[in-house]
Amino acid sequence: MSGYRWDHPEICAIAERLVAEIPGARREVIPDADHYPPLRAPDRLVDLLQHLP
């Protein structure tokens, strides 16, 4: 998971690399958060975690 609007380009690049290199991984972007979803978007984070396979 990563944010979009306020996140550093390096964080986005790391997230993209992790998804590319970890089988079955996917990236979830939280539009109005940065790289710390528990603080910036806790409800969205909980929703995403509850729907993991």
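Criteria and cut-off values
Residues numbered from 1 in each chain as written. Predicted model: local features only at pLDDT ≥ 70, side-chain atom pairs only at ≥ 80, totals over all residues. Heavy atoms only, no water. Helix = DSSP H or I, 4+ residues; strand = E, 2+ residues; numbered from the N terminus. Salt bridge = Lys/Arg side-chain N within 4 Å of Asp/Glu carboxyl O. Buried < 20%, exposed > 50% of the residue type's maximum accessible area, 1.4 Å probe, protein only. pLDDT = per-residue confidence, 0-100. Polar contact = N/O pair within 3.5 Å; in protein donor to acceptor, adjacent residues only side chain to side chain.

In this section: the environment of L45. Structurally, L45 can be placed in helix α3 (residues 42-50). Taking the C-alpha atoms as reference points, L45 and I30, 15 residues apart in sequence, are found 8.5 Å from one another.

Counted by the stated rule, this structure contains five salt bridges. As a salt-bridge pair, R40 and D34 come within 3.0 Å of each other at their nearest N and O atoms. Using a relative accessible area of 44% as the deciding quantity, one classes R40 as partly exposed. Residue D34 is classed as buried on the basis of its relative accessible area, which comes to 10%. Between D47 and R44 there is a salt bridge whose closest N-O contact spans 3.0 Å. In this pair, D47 and R44 both sit in helix α3, three residues apart, roughly one turn of the helix. Looking at D47, the relative accessible area reads 31%, which means it is partly exposed.

Bringing the confidence of the model for the protein into the picture now. Mean pLDDT over the protein stands at 85; residues scoring 70 or higher make up 87%. By mean pLDDT, strand β1 (residues 2-3) is the weakest element of the protein at 66, and α3 is the strongest at 92.

Now for the side chain of D34. With respect to the helices and strands, D34 occurs in the loop between β2 (29-30) and α2 (37-40). From its side chain, D34 meets the backbone nitrogen of Y36 in a polar contact 3.0 Å long. Here the side chain of D34 touches R40 through a polar contact of 3.0 Å, side chain to side chain.

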